[in-house]
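In case you want the letters, here they are:
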Amino acid sequence: MDTVREATGQKMVGTRVARREDKRLLLGQGRFLDDLDMSDAYEAAFLRSAHGHARILGIDVTAARRVPGVIGIFTGEDIRPMMKPLPAKVAHPKLQDFPRLPMALDAVHYVGEPVAVVVAENRYIAEDAVELIEVDYEVLPAIASTAAALAPGAPLVHAGARDNIAVHVVQEAGDPATAFAVAPHVLEETYRITRGGGHSMECRAVAARYDTVTRQLVVWDSTQAPHYARNALANLYDMPEDDVRLIAPPDVGGGFGPKAQFYGEEAVVPWVAMQLRVPVKWVEDRRENFVSAMMERTQTHRIRVAFDDDGLLLGLHDVFEHDQGAYVAGLQVPMITLTTVPGQYKIPNIHTELYSCYTNMVPTSSVRGAGRPQAVAAMERMMDRVAERLGLDPAEVRRRNLIQPEEMPYRVGLIFRDGSPLTYDSGDFPRLLAGVRERLGYDDQRARQAEMRAEGRFLGIGIACYVEGCGLGPYEGAKARLTNGGEVLLTLAAAPQGQGYETVYAQIASDAMGLAMPHIRVTTGDTGRIPFGQGTFASRITATAGPAVHQAAEELRDLIFTAATVMLKVPVGTEMAFADDRVGPRDDPSRSVTLREVSQVANVGRHGITMLRGVPAGLETSSYFAPERAAYASGAHGVVLEVDPETGQVSIDKYVIGHDCGTVINPMLVDGQVLGGFAHGIGNAMYEEQFYDEAAQPQTTSYLDFALASALEVPPVELFHIQSPSPLNPLGAKGAGEGGTIPAPAAIANAVEDALRPLGSPRITDMPVTPPKIVAAIRRARTEGH
């Protein structure tokens, strides 16, 4: 039993251990930010822009100040001392940048942009006061799409800009121009993927308290990146970083990327707490989340592929527009897309080109998948088109083009977003595809498809493959300490959002030390406990924090063994081992000391008395692991579905996922990560779509308008893993959090198009694939005679 292994200290990596976190969550004892015991805190509410683009001519807060219970109102002008631009996570030398400020000063550039904040005795009073603030706006023309942004003579999103292009980037490998000129076949298509959000159960939240005695600011933030947020606050406030302690609560109701960014509200709430000398809390409500939390996905790809008579790819040419929103919070999403398009295939000649465009909509940044679903959708849709053109099977066309295991490490010829050459470290792409085909019953499903077509029913089969850059640097850290109570305490800089850090990193440390898991505790996300860190995003933590934990735990084990050797007066070099909470010679279990006894000698000591010679003082270690470059996880999805051409309704019959994240630390939790990601992917593929009108006014601001997939819509999945350990870290680990999401839209769209092929080959080029779009595609095909 796994629980026996956990208790006895046997090897834990690779074991299905139940999450330690589950008990408190299932009993309603989770500790979320809004659960903090801050009964003395005042609450904040933000006034937000009602316009996509407007000048602020004046703000009148007179009536709002008179509301009983209001203790402070701040506009952008009132917080000018800390009105520095908020940091962009990933920039570019060619970036045409415009400052993203904590609150608007002279103009607003999207609906939902913070304009003023009210602090009051409770949220109800604060919201009432917000309603009384009068803002005099001069409404300006707004841009609500990348097409509008790039149109000749388009209004400018930012005054003084040369155009609406934030950055234009081109990468090439080989000689794509020649490849396309001589290729026997060339296909091209345009694909559009729309906006969507993270939609975590718990929205964004910040609370802050300033201690006038210690002059320390303590901030609680439901963030994915506590050290990043701490550094941003210290910079904005001109404070030493040690005077800002930022804590991510142990439980966060989902992150999914939007919480990895730093927002104006995170800067404003602690600032007003310091100015008013009272604790202040703000919890985003759901409508605010719809209009002000960062989103992702909107891209338009104009893609061409060149290939020979056997379906072998000769060239790829992809030019895409990326909706950056009103500001550049980071370029990581389009830069990832730029290099993800080639996927698992050997393509000797590549041209990828990005136009990242400003629009008057909420800024975009990472959402689970982070630029990869769009790239995979473009490439995988074209693989089906190649098969259709040549009369070949889509799975066979993929098989012919796959990079082989013996070709690893494989250099694609592009530069990844981490600045290193795009080099796949390991993987077995043919095995993934074969596994999906086998479990899907691919050949039998093709025979079934033919039978159903004869009956007038429309069955479709779709496959999509992907590669995911993960395990990104620059580094991640961990500390290990033997507490005075005889417990090993692991401290991680990274903050979890449900991944099971308290379990997984105890497993890693257990193996590194040879110590049973019950004697190991994990704490996370507190800049007061560990000075440096990056954060939880981009499927990077197991491949970065995991090795740091392993090394710190090994070093702590050695210190404990050294202290125990001296205390037991056994010869130096004696092989030591743990047995439950005791440590002693491996071959003589009768001679041992408890971990508590070791800590009392090495950590506590006897006041004023010389320590035993040879006992290390202070049993604590720290380790920071910096990967050489990104690792690359991979996978393949296969789906069988049926389409009703009259209604456009899609019924999923079978879904298979093949997944390779290198060494699997805890199969149970990895399964959960992949299947959770798949639920997100199904939403992206079939339901979730954010609408704005031509004035950049959001039309989907509640779940009455926005279709979020529920348990009823997510079908059963057959999931299998292969393990291609990464050579880039000691654990061989890669990322696992996004593989369920990335190829789902492509697989679904491929299957729908495959199902409808007898109806004149309707083209599905706009995702998500919703019933109205399916019906419209069928009508177009009939009208145009495809």
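Quick caveat, the model's predicted, so the values are computed rather than measured. (Residues numbered from 1 in each chain as written. Predicted model: local features only at pLDDT ≥ 70, side-chain atom pairs only at ≥ 80, totals over all residues. Heavy atoms only, no water.)

1. Overview of the overall build of the protein chain
Along the protein chain, the regular secondary structure elements total 20 helices and 29 strands. The C-alpha radius of gyration computed for the protein chain amounts to 28 Å, which stays within 12% of the reference 28 Å derived for 786 residues, consistent with globular compactness. Its C-alpha atoms put the protein chain at 95 × 75 × 45 Å along the principal axes. The long-range share in the protein chain, meaning contacts at least 24 apart out of those at least 6 apart in sequence, stands at 79%. Placing the 74 positive and 98 negative side-chain charges of the protein chain at their respective mean positions leaves the two points 4 Å apart. (Helix = DSSP H or I, 4+ residues; strand = E, 2+ residues; numbered from the N terminus. Rg over C-alpha atoms; globule rule 2.2 N^0.38 Å. Contact = heavy atoms within 4.5 Å. Lys, Arg positive; Asp, Glu negative; His and termini not counted. Charge placed at Lys NZ, Arg CZ, Asp CG, Glu CD.)

2. Thoughts on the side chain of Ser 539
Within the fold, Ser 539 resides in the loop between strand 21 (520-524) and helix 16 (541-568). Taking relative accessible area as the criterion, Ser 539 reaches 16% and is therefore assigned buried. Separated by 2.9 Å, the side chains of Ser 539 and Glu 468 make a polar contact. (Buried < 20%, exposed > 50% of the residue type's maximum accessible area, 1.4 Å probe, protein only. Polar contact = N/O pair within 3.5 Å; in protein donor to acceptor, adjacent residues only side chain to side chain.)

3. Things to note about the sheet that holds strand 20 (residues 488-492)
Strand order in the open sheet formed by four strands is 21-20-19-25, and the pairing between neighbours is mixed. Two strands in the sheet have a free side with no partner beyond their single neighbour: strand 21 and strand 25 (620-625). Taken over all neighbouring pairs, the strand axes of this sheet differ in orientation by 20 degrees on average, direction set aside. By the bridge criterion, five bridges tie strand 20 to strand 21 in an arrangement that is parallel. Residue pairing across strands places Thr 491 opposite Thr 523, the latter belonging to strand 21. The strands touched by helix 16 within the sheet are strand 19 (476-482), strand 20 and strand 25, with strand 25 carrying the most contacts at an inclination of about 150 degrees. (Pairing = 2+ DSSP bridges. Axes fitted to C-alpha atoms, helices over the stretch in contact; angles between N-to-C directions.)

4. Observations concerning the packing of helix 11 (residues 372-390) against helix 19 (residues 744-755)
Direction vectors running N to C along helix 11 and helix 19 enclose 30 degrees, while the axes themselves pass 9 Å from each other. One way to sum up the angle between helix 11 and helix 19 is to call them roughly parallel. In this structure, the crossing between helix 11 and helix 19 has a hand that is right-handed. In this structure, helix 11 contributes Val 376, Ala 377, Glu 380, Arg 381, Asp 384 and Arg 385 to the contact, and helix 19 contributes Ala 746, Ala 749, Asn 750 and Glu 753. Across the contact of helix 11 with helix 19, the residue classes break down as four nonpolar, one polar and five charged. (Parallel < 35°, antiparallel > 145°, perpendicular 65-115°, else oblique. Left-handed = near helix turned anticlockwise from the far one by under 90°. Nonpolar A, V, L, I, M, F, W, Y, C, P; charged D, E, K, R; others polar.)

5. Some thoughts on the pattern of salt bridges
All chains considered together, the criterion is met by 51 salt bridges. Between Asp 238 and Lys 84 there is a salt bridge, with its nearest N and O atoms 2.8 Å apart. Placement of the pair is Asp 238 in the loop between helix 7 (226-237) and strand 11 (244-247) and Lys 84 in the loop between strand 3 (70-75) and strand 4 (107-108), with a sequence separation of 154 residues. The exposure class of Asp 238 is exposed, given its relative accessible area of 61%. One salt-bridge network, in which partners are shared between bridges, spans Glu 189, Arg 381, Arg 385, Glu 388, Asp 393, Arg 446, Glu 753, Asp 754, Arg 757 and Arg 763. (Salt bridge = Lys/Arg side-chain N within 4 Å of Asp/Glu carboxyl O.)

6. Section: helix 16
Along an α-helix, a turn takes 3.6 residues, which lines up residues three or four apart on a common side. Taking 1.5 Å per residue as the helical rise, helix 16 with its 28 residues ought to reach 40 Å, and the 39 Å between its terminal C-alpha atoms agrees with that figure. Backbone geometry just after helix 16 places Lys 569 at a positive phi near 55 degrees. (Expected span 1.5 Å × (residues − 1).)

7. Examining the sheet that holds strand 27 (residues 650-660)
Pairing in this open sheet of four strands is mixed, and the strands run 18-26-27-28 from one edge to the other. Edge positions in the sheet fall to strand 18 (458-470) and strand 28 (718-722), since each of these pairs with one other strand and no more. Looking at each pair of strands side by side, their axes are set apart by 15 degrees on average, direction ignored. With five bridges connecting them, strand 27 and strand 28 associate as parallel partners. Residue pairing for strand 28: His 659 is matched across the bridge by His 721. Together, strand 18, strand 26 (631-643) and strand 27 form the strand contacts of helix 19, whose direction differs from that of strand 18 by roughly 160 degrees.

8. Describing unusual backbone geometry
Of the consecutive residues Met 408 and Pro 409, the connecting peptide bond is found in the cis state with omega at -5 degrees. Topologically, Pro 409 is positioned in the loop between helix 12 (394-401) and strand 16 (410-415). Note the cis peptide between Gly 473 and Pro 474, where omega equals 5 degrees. As for its position among the elements, Pro 474 is in the loop between strand 18 and strand 19. You will see that Ala 538, though not glycine, has its phi angle at about 60 degrees, which is positive.

Fair warning: the whole summary comes from geometry, so function is off the table for now.
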